[in-house]
Amino acid sequence: MKFFASDNYAGAHPKVLDAVQKANTGDARAYGTDPWCQEAGALLREAFGENSRVFFALSGTAANVLGLKALLRPYQSVICTNTAHIATDECGAVEAACLSKIETVPGKNGKLCLSSLERFPERRKEVHYPYPKVLSVAQLTEVGTRYIAGEIKALSSWCRENGFYLHMDGARLANAAAGAGVSLKAFTAEAGVDVLSFGGTKNGLLYGEAVVFFDPQLAEDFGRIQKQGMQLLSKMRYVGAQFTAYMTDDLWRSNALNANNMAALLHHEIKDLPDLALVYPVEGNILFVRMHKDNIAKLNASFYFYTIDASDAENFPSDWFLVRLMTSFSTTPEEVMEFVQAIRRCCS
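What counts and how
Residues numbered from 1 in each chain as written. Predicted model: local features only at pLDDT ≥ 70, side-chain atom pairs only at ≥ 80, totals over all residues. Heavy atoms only, no water. 1 Å grid on protein atoms, 1.4 Å probe; cavity = no way out; pocket = protein on both sides within 12 Å on 5 of 7 lines; lining within 4 Å. Points joined across faces, edges and corners; volume = space filled by probe spheres on them. Helix = DSSP H or I, 4+ residues; strand = E, 2+ residues; numbered from the N terminus. Salt bridge = Lys/Arg side-chain N within 4 Å of Asp/Glu carboxyl O. Core = buried A, V, L, I, M, F, W, Y, C linked by side-chain atoms within 4.5 Å. Buried < 20%, exposed > 50% of the residue type's maximum accessible area, 1.4 Å probe, protein only. Contact = heavy atoms within 4.5 Å. Pairing = 2+ DSSP bridges. Patch = residues over 30% accessible without salt bridge, like charges linked within 9 Å, V, L, I, M, F, W, Y side chains within 5 Å. Areas by Shrake-Rupley, 256 points an atom, 1.4 Å probe, with all protein chains shown as cover.

A. Structural detail: empty space enclosed by the protein. Summed over all chains, the structure comprises one cavity of 30 Å³ or more. Taken as a whole, the largest cavity encloses approximately 80 Å³ of empty space. In terms of lining residues, the largest cavity is bounded by 14 residues, among which Thr81, Ala84, Ser136, Val137 and Ala138 are the most central. Secondary structure elements with two or more residues in the lining of the largest cavity: strand E3 (76-81), helix H4 (85-88) and strand E5 (131-138). A per-element tally of the lining of the largest cavity places E5 first, with three residues.

B. Structural detail: the pattern of salt bridges. Taken as a whole, this structure holds ten salt bridges when the rule is applied. The salt bridge involving Lys111 is made with Glu151; its shortest N-O contact spans 3.0 Å. Here Glu151 lies in helix H7 (residues 149-162) and Lys111 lies in the loop between strand E4 (101-105) and helix H6 (119-123), a separation of 40 residues in the sequence.

C. Just the nonpolar core, in detail. Grouped together as the largest cluster of nonpolar side chains are 53 residues, with contacts concentrated most on Leu44, Phe48, Phe56, Leu135, Leu184, Phe198 and Phe243. At seven residues, the largest contribution of residues to this core is made by helix H10 (residues 237-247). Ignoring anything within four residues of it in the chain, the contact list for Phe198 reads Leu44, Phe48, Gly170, Leu173, Ala174, Leu184, Glu209, Ala210, Phe243, Tyr246 and Met247. Core analysis: the second largest hydrophobic core is formed by 25 residues, Ala63, Ile86, Phe222 and Ile225 among them.

D. Structural context of the pairing of E3. In terms of residue burial, E3 counts as a mostly covered element, since six of its six residues are buried. In this structure, E3 lies alongside E5, joined through four bridges in parallel fashion. When the bridges of E5 are listed, Val78 appears paired with Val134. The pairing of E3 with E4 spans five bridges and is classified as parallel. Across the sheet, the residue bridging to Cys80 is Thr104, located in E4.

E. Region of the structure containing a nonpolar patch on the surface. Taken together, Met1, Phe3, Tyr9 and Tyr304 make up a surface patch of nonpolar side chains, about 430 Å² in accessible area. The partly exposed category is assigned to Phe3, whose relative accessible area is 48%.

Below, the structure is given as structure tokens:
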């Protein structure tokens with residue numbers, strides 16, 4: 001069985017495994033005070049800016065929740081699109097941990113639009129309504145699209161004008177930056193993001209994410225939030241070692257480029273097939289397509305991918321389903337072409 005379901009299915013990069021093995025020597029200080037975490041922090045500050053503050057977490061959900069908790073009080077709310085991971089795929093973790101409401105708005109190709117935000121500042125006048133305080137964007141979005149830097153800057157400017165913070169779920173920020181050919185800083189510190197969850201697990205790490213604050217004052221109490229949130233790992237050196245490998249020689253970029261390139265190859269080879277319809281622009285390592293349920297069943301005999309829903313879109317019959325196809329840092333051209341040949345047999 002070949003997998004095109006998620007970049008979470010991929011293993012760890014050999015350089016990451018080698019770094020963990022090298023860190024597994026002798027004793028070391030605990031709770032992130034070890035040399036590996038110190039080096040990883042320095043490399044991340046080099047990438048994101050010297051004023052940034054870096055903390056580690058084990059999962060993307062934890063990084064998102066704790067980063068948001070640093071920005072929110074229980075009576076406040078966070079605004080995101082109706083496809084955002086924090087709203088659809090984290091089992092209410094933000095509400096449970098932050099005691100804050102998530103409010104969703106429709107997005108355009110998965111992206112938050114300024115036009116959908118106009119009502120929220122006015123709602124602060126009503127004591128019965130949650131106090132809107134944070135915008136959260138995902139880069140890449142959950143549908144695989146990429147914000148350009150100008151779009152993030154526009155949202156950040158709106159936040160400054162209206163007293164909001166801007167949070168970024170950067171589980172696939174590496175894919176976005178690699179695809180756009182820009183630095184990590186271009187989409188974050190330079191674009192006005194306040195807090196970032198920077199992903200590693202989906203791009204070659206065993207486990208591990210970084211929570212990055214671009215305003216040091218926002219990070220003042222985060223060590224306690226991290227501890228209370230059960231993310232202050234005693235043997236944090238194994239996370240630090242992974243991030244040191246990840247940031248050295250831009251391994252994050254080369255991993256993400258491979259994932260993006262394999263998605264681009266898949267897109268190029270299937271985009272003109274008559275019995276298949278692409279739904280969103282392909283700007284990273286994710287494709288969303290609609291195909292007939294019988295073709296999905298045939299492909300599932302040898303390939304696994306996610307079938308999202310039945311046809312709820314206009315102009316598609318009820319027996320066409322939406323599926324998500326995803327590539328990773330370890331996907332090879334041979335694997336893609338094998339999948340392409342199977343799709344062609346079904347959809348041509």
